[in-house]
Amino acid sequence: MARCREILQRHNWDMEVAVQDRFSEQEGTPSVYTQPPREVRTPPVNLNPVDQRIIVIPRGRPQSILQWGYFVVMFPFRFVYTTLMDIFRFAYRLLMPDPRRNVTDPVGDVTRFIQAYNEEYGEVHPVFYQGSYSQVLNTAKNELRFVLVYLHGDDHQDTPQFCRCALANDAIIEFVNARMLFWACNTNSPEGYRVSQALRENTYPFLAVIVLRENRMTVVARIEGPIGPEQLLERMVRVIDDNETALVAARAERAERTFNQSLRQQQDVAYQESLKVDQEKARKRQAEQEKVEQENREAVEKEEELRRRLEQIKQRKEEIADTIPDEPPCDDPDAIRIMLKLPNGCRLERRFLRTQSLRHLHNYLFCCSDAPDDFQVITNFPRRTLPCQQTDQCPDPPTFADVGLGKSEMLFVQDNEA
């Protein structure tokens, strides 16, 4: 309820205009009450097609003697008044530039005319399109509808009769609202004057029927003069019937174009999905290939690292082998017999001096081909690890006597990499 009240207030409580403007917003056309910062560009208009209907309604001649008398009496006054007004306008335009040439607010010109028209002739009329001439042409082009353009001349003597009779006729109102967009403006305003200069009317009332033909907005009929409602309705029905085929063809062409665009969009979507699947497959293949290559590189690096390590160990063994002291004789009083059990089950036996460092035991095992490269020497009872290897905490390992080894000991070699 609040939303409806807001829409009506925004449209000055004009129900017909509010409904038309709301439908326009739902169909995607801009609201005439939310003016764009720049006027909409007027689409090209074919003003003089070969098959254009030009309907000129002459003013009726006097029938009776009284009418002829009135005509003869008033003719000099009318002639003098018209002549003086034309001279005055001509002189005024020579001295002052015509303000109507500067179109600054086309939508405002239209809305002001509609307000003045409602105050002068009432609100019984076809629904006015509350937008500029450019906007109504673009709307008709987008919606494939006829446009009925009415140029209002305030100073013409036939204008009041046309507005009160023809435009207020129920049949005219129903027909125009159902089949056309109705646009009107006063020729004394800049927007009306601009359209008047484009359409080049000769007299008033002036009506023009415009429709899309061959991809251009085309003036298919011009109706000029004091036409009655019955005759106006007949002529408009004939004009619309003659040009309806153009709209049917345009609708069919647009439907085909829309279908083709929709089909292309569907094909593009399918292509994008297929491309996405292919890209995902390629990404997975690339990831698997990179993974295999990474694993191969790591394997090569490990092999290279192992080879360098073995090479370093071999070189170190060669260097350490020269530092191992000779085995003392068995009758040496300081000699101790060490039996070593290796992880692979082999047994070794070697004599060392009690005063020698355990480093020599480590070096002996390190240079032995059956011993592991990384090991520890452990006593069986009590179970303990002998500090044979040089470390930062123990740069000078103790002697055999320091660790309490007797004349004959059984030691076990533990593989640290096992």
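Residues numbered from 1 in each chain as written. Predicted model: local features only at pLDDT ≥ 70, side-chain atom pairs only at ≥ 80, totals over all residues. Heavy atoms only, no water.

Caption draft 1: Spotlight on the pairing of strand β11 (residues 408-415). In this sheet, β11 lies alongside strand β7 (residues 335-341) in parallel orientation, the contact comprising five bridges. Bridge pairing in β11 places methionine 339 opposite methionine 410. Taken together, the five bridges between strand β9 (residues 375-379) and β11 define a ladder with antiparallel strand orientation. Note on β11: the bridge partner recorded for valine 377 is valine 413. (Pairing = 2+ DSSP bridges. Helix = DSSP H or I, 4+ residues; strand = E, 2+ residues; numbered from the N terminus.)

Caption draft 2: Quick look at unusual backbone geometry. Backbone torsion omega between tyrosine 204 and proline 205 reads -10°, so that peptide bond is classified as cis. Residue proline 382 follows phenylalanine 381 across a cis peptide bond; omega there is -10°. Looking at the secondary structure, you find proline 382 in the loop between β9 and β10 (384-386). The phi dihedral of leucine 144 falls on the positive side, at around 55°, and the residue is not glycine. Overall, leucine 144 belongs to the buried group, its relative accessible area being 5%. Positive phi, normally seen in glycine, also occurs at arginine 200, with a value near 55°. Its location among the elements puts arginine 200 in the loop between α8 (190-199) and β5 (206-213). (Buried < 20%, exposed > 50% of the residue type's maximum accessible area, 1.4 Å probe, protein only.)

Caption draft 3: Examining the nonpolar core more closely. Within the largest apolar cluster, 56 residues are counted, with the highest numbers of intra-cluster contacts made by Tyr133, Val149 and Trp183. Among the elements that make up this core, the one with the highest residue count is β5 (seven residues). Here tyrosine 133 is in contact with Thr42, Val45, Val149, Trp183, Glu191, Arg194, Val195, Leu199 and Ile210, once residues within four sequence places are set aside. Ile313, Leu361, Leu365 and Cys388 belong to the second largest nonpolar core, which has 25 residues in total. (Core = buried A, V, L, I, M, F, W, Y, C linked by side-chain atoms within 4.5 Å. Contact = heavy atoms within 4.5 Å.)

Caption draft 4: The sheet that holds strand β8 (residues 347-353), seen in detail. Strands sit in the order β8-β7-β11-β9-β10 across an open sheet of five strands; the sheet is mixed. Bordering the open sheet on either side are β8 and β10, each of which pairs with just one other strand. Here the average twist between neighbouring strands, direction ignored, is 40°. Looking at chain direction, β7 and β8 are connected through seven bridges and run antiparallel. Bridge assignment links methionine 339 to a residue of β8, and that residue is glutamate 349. Packing against the sheet, helix α10 (residues 358-367) makes contact with β7, β8, β9, β10 and β11, and its axis sits at approximately 150° to β8. (Axes fitted to C-alpha atoms, helices over the stretch in contact; angles between N-to-C directions.)

Caption draft 5: A look at the packing of aromatic side chains. Under the counting rule described, the total for this entry stands at nine aromatic pairs. Look at tyrosine 150 and phenylalanine 162: their rings are 5.5 Å apart centre to centre, the planes differ by 35°, and that puts the pair in the tilted class. Here tyrosine 150 is found in strand β3 (residues 146-152), whereas its partner phenylalanine 162 is found in helix α6 (residues 159-166), with twelve residues between them in sequence. Per residue, the accessibility class of tyrosine 150 equals that of phenylalanine 162, and both read buried. When the centroid spacing of 6.1 Å and the interplanar angle of 75° are considered together, the rings of phenylalanine 352 and tyrosine 364 count as edge-to-face. (Phe/Tyr/Trp six-rings, centres within 6.5 Å; stacked < 30°, edge-to-face > 60°.)

Caption draft 6: Expanded view of the state of the cysteines. Applying the stated rule across the entire model yields zero disulfides. Here cysteine 346 is not disulfide-linked; the sulfur of cysteine 368 is the nearest cysteine sulfur, at 8.1 Å. The partly exposed category is assigned to cysteine 346, whose relative accessible area is 30%. (Disulfide = S-S within 2.5 Å.)

By themselves, these observations are geometric and do not establish any function.
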